[in-house]
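If you want the building blocks of each chain, they are given just below.
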Amino acid sequence: MNIQPVTSKDIEEIKELQPDGWPGIEDVFLYYVQAPFCHPVKVLSDRKIIGIGTAVFFADTGWLAHIIVRVECRNKGVGGGIVRYLLNDLVNGGCRTVLLIATDLGYPVYKRMGFSHQTDYIFFENKEPAAFFPHQNIIAIKEQDTDEIFTLDRFVTGEDRRILLKDHLENGYVYRNRLGIGGYFLPSLGSGTVIAKDMKAGIELIKARCAFTGKAVLPADNSAGIDFYRRCGYAETNRAKRMIYGKDMDWQPHRIFNRIGGNFG
């Protein structure tokens, strides 16, 4: 199988692989090409791109992202070949744990590769999202908050994601009380991630998030967040499986009040 790195010159052709119902992949792959912690690859056949995928490196954990195969080339081992290649890349690069979000189409492939089901993500949408007055404890992130945010994120996710988070802090918010930072919200990172130590901080931050979007995705383990969205008229629209390969991880899914995306968790 002819697997090569994706370059910026490939972006126009990659658009042809856009799956129905997915956010646009053009800008995502341009980001992957430019980000030093992402390794996007393509599969070529007769000089035509028939499959793509990306390995994402976070210290000792990693993600498989945007594994996509042309419709007419599916069920021919292309997807499995990409997964094996990227998985080997991640493991050899020091990742003891590899994660991904599986569609129904990809789930059997990943299961055969040794991935196991970790939890579900639940998708919500509200055509008329609720509006709330901003809580007095929610303030703009300051430079001195950086280390505390990184520590909180590591505690909740079990991953060292500083290389990803750092470029999105400038326009973000924290929930701060007398005990310190109780959570954070980064509107520009993916779908607007919200991480919080406790239910109070998490709910107030997702109230602030409602001003930005009527969509939400969070782990099925976060009953407080799910109950809030349902009370506010958000309807469940989909579910996706989060899968894991390798060493188990210590993480706190009930403290994730909105994920980043299918590529970063």
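Computed from a predicted structure; not experimentally measured. For every chain, the first residue of the written sequence is number 1, and numbering continues from 1 onward in sequence order. The model is predicted, so local features are restricted to residues of pLDDT at least 70 and side-chain atom pairs to those at 80 or more, both for listing and for counting; the totals for chains, interfaces and linings are taken over all residues. Computation of side-chain values covers all heavy atoms of the structure but excludes hydrogens and water.

Grouped together as the largest cluster of nonpolar side chains are 44 residues, with contacts concentrated most on Ile14, Phe37, Ile52, Val56, Tyr184 and Phe264. Dropping the residues within four chain positions of it, Phe37 is found in contact with Tyr31, Ala55, Val56, Phe57, Phe58, Ile163, Leu164 and Phe264. For this analysis, a nonpolar core means a set of buried residues of the types Ala, Val, Leu, Ile, Met, Phe, Trp, Tyr and Cys, connected via side-chain atoms within 4.5 Å. Accessible area is worked out with a 1.4 Å probe on protein chains only. A residue is then buried under 20% of its type maximum, exposed over 50%, and partly exposed in between. Listed in part, the 24 residues of the second largest apolar core include Val41, Phe57, Val69 and Ala102. Residues are treated as being in contact if the distance between any of their heavy atoms lies within 4.5 Å.

Attention shifts here to the pattern of salt bridges. The working definition used for a salt bridge is a side-chain nitrogen of Lys or Arg within 4 Å of a carboxyl oxygen of Asp or Glu. Under the definition given, this model contains 17 salt bridges. Here Asp167 makes a salt bridge to Lys166, at a shortest N to O gap of 3.4 Å. Judged by its relative accessible area of 46%, Lys166 is partly exposed. Through salt bridges with shared partners, a single network forms among Glu12, Lys15 and Glu26.

The disulfide criterion is simple: two cysteine sulfur atoms within 2.5 Å. According to the stated counting rule, one finds zero disulfides in the structure shown. We note that Cys232 lacks a disulfide partner, and the nearest cysteine sulfur, in Cys210, lies 6.0 Å from it.

Looking now at the layout of surface pockets. Put simply, the second largest pocket is a space of about 180 Å³. Using only the protein atoms, space was sampled on a 1 Å grid; points where a 1.4 Å probe fits but cannot get out form cavities, open sets with protein on both sides within 12 Å along at least five of seven lines form pockets, and lining residues are those with an atom within 4 Å of a point. Taken together, 15 residues line the second largest pocket, and the ones lying closest to its centre are Pro134, Lys207, Ala208, Ala211 and Phe212. Starting at the N terminus, helices and strands are each numbered in turn, a helix being any DSSP run of H or I of at least four residues and a strand any DSSP run of E of at least two. Looking at the lining of the second largest pocket, the elements with two or more residues in it are β7 (138-140) and α7 (199-209). A total of three residues in the lining of the second largest pocket trace back to one element, the largest contributor, which is α7. Grid points are joined across faces, edges and corners, and a volume is the space filled by probe spheres set on the points.

This part is about the packing of α7 against helix α8 (residues 223-231). Working convention: axes come from line fits to C-alpha atoms, limited for helices to the stretch in contact. Angles between N-to-C directions cover 0 to 180 degrees. As a packed pair, α7 and α8 sit with axes 10 Å apart at the nearest point and diverge in direction by 40 degrees. As judged from the angle between their axes, α7 and α8 are oblique. In the crossing of α7 with α8, the sense of the turn from one axis to the other is right-handed. Taking contact as the criterion, the partners of Met199, Ile203, Ile206, Lys207 and Arg209 in α7 are, on α8, Ala224, Gly225, Phe228 and Tyr229. These descriptions rest on fixed angle ranges, namely under 35 degrees for roughly parallel, over 145 for roughly antiparallel, 65 to 115 for roughly perpendicular, and the rest for oblique. By convention, the crossing between two helices is left-handed when the near helix turns anticlockwise from the far helix through less than a right angle, and right-handed when the turn is clockwise.

Turning to the side chain of Asp145, a few remarks are in order. Looking at the secondary structure, you find Asp145 in the loop between β7 and α5 (146-157). Judged by its relative accessible area of 2%, Asp145 is buried. Beyond its immediate stretch of four places on either side in the chain, Asp145 contacts Ala140, Val174, Arg176 and Ile181.

Here is the key point about a regular strand: its side chains alternate between the two faces of the sheet. Of all five residues in strand β11 (residues 215-219), four are buried, a share of seventy percent or more. Pairing between strands requires that DSSP locate at least two bridges from one strand to the other. Bridge count between strand β6 (residues 116-125) and β11: five bridges; the pairing is antiparallel. Looking at β11, one finds that Phe123 is bridged to Val217.

Backbone-to-backbone hydrogen bonds join strands into a sheet, with any given pair of strands oriented parallel or antiparallel. Spatially, five strands are ordered β7-β8-β9-β10-β13 in an open sheet, and the strand pairing comes out antiparallel. The sheet is open, and its two borders are formed by β7 and β13 (256-258), each paired with just one other strand. Averaged over all neighbouring strand pairs, the angle between strand axes comes to 25 degrees, with direction disregarded. Taken together, the four bridges between strand β9 (residues 180-186) and strand β10 (residues 193-196) define a ladder with antiparallel strand orientation. Paired with Gly183 across the strands is Ala196, a residue of β10.

Looking now at the confidence of the model for the chain. The predicted model of the chain averages 94 in pLDDT, with 100% of residues at 70 or higher. pLDDT is a per-residue confidence score from the predictor, ranging from 0 to 100. Confidence, expressed as mean pLDDT per element, reaches its minimum in the chain at helix α4 (residues 107-112) with 90 and its maximum at β10 with 98.

Bringing the pairing of strand β4 (residues 61-69) into the picture now. For β4, the buried fraction is high: nine of the nine residues fall into the buried class. Pairing of strand β3 (residues 48-58) with β4, which is carried by seven bridges, proceeds in the antiparallel orientation. Directly across from Ile52, in β4, lies its bridge partner Ile68. Remark: two residues form the turn of the hairpin made by β3 and β4, two consecutive strands paired antiparallel; Ala59 in that turn has positive phi of roughly 50 degrees. Pairing of β4 with strand β5 (residues 97-102), which is carried by three bridges, proceeds in the parallel orientation. Residue pairing across strands places Trp63 opposite Leu99, the latter belonging to β5. A clockwise course of the path from the first strand over the helix to the second, judged with the strands pointing away from the viewer, identifies a crossover as right-handed. For the crossover that starts at β4, traverses helix α3 (residues 78-92) and ends in the parallel β5, the hand is right-handed.

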